[in-house]
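Residue-level structural notes
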Amino acid sequence: MIIIEMTEEESEFVAYSTENTGAYRVRTFDIDNVCCLFAYYFDEFIHLKIRRYVKEQTAISDWFQLKSAGIIYPDIILDETIDVRFDLEENQIHVQLPNTVNERNW
């Protein structure tokens, strides 16, 4: 699995999303040129949004494949899942993880 951080390339989206979601940080990733991953950082948790690029249905196997990576450096610990849910209308998986390294307090 190849995970590429795209936050720098998606700076307009990141600025827009940070302002409109209340997250203090947003990171974007490409996963194997198949899925996009958005990480929204809040004080108590990190909210992940996973979506396939094509019209193919996003599946739980997409989450399990990503979760097998264990960690996305430096602070997204995929094994510490709080909640996982599907949004069938938007074809997305939403995952909530604890924010173990709250950068806002640095």
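For the structure, see preceding data.
Residues numbered from 1 in each chain as written. Predicted model: local features only at pLDDT ≥ 70, side-chain atom pairs only at ≥ 80, totals over all residues. Heavy atoms only, no water.

The next subject is the pairing of strand E4 (residues 45–52). Of all 8 residues that make up E4, 6 are buried, and the element is covered over most of its length. As judged from the 7 bridges shared by strand E3 (residues 35–41) and E4, these two strands associate in the antiparallel manner. Its bridge partner lying in E4, Tyr41 is registered against Ile46. Hairpin remark: E3 followed by E4, antiparallel, with 3 residues in the connecting loop. One ladder, built from 7 bridges, connects E4 with strand E8 (residues 92–98); its direction is antiparallel. From the neighbouring strand, Arg51 faces E8, where its bridge partner is Gln92. (Buried < 20%, exposed > 50% of the residue type's maximum accessible area, 1.4 Å probe, protein only. Helix = DSSP H or I, 4+ residues; strand = E, 2+ residues; numbered from the N terminus. Pairing = 2+ DSSP bridges.)

Attention now moves to the nonpolar core. Formed by 17 residues in total, the largest nonpolar core has its most connected members in Leu37, Leu48, Ile50, Trp63, Leu66, Ile76 and Leu78. The set of elements that each furnish at least two residues to this core consists of strand E2 (25–31), E3, E4, helix H2 (60–67) and E8. Per element, the largest residue contribution to this core is 4 residues, and it comes from E3. Those residues within four positions of Trp63 in sequence are excluded, and the remaining contacts are Leu48, Ile50, Leu78, Thr81, Val84, Ile93 and Val95. (Core = buried A, V, L, I, M, F, W, Y, C linked by side-chain atoms within 4.5 Å. Contact = heavy atoms within 4.5 Å.)

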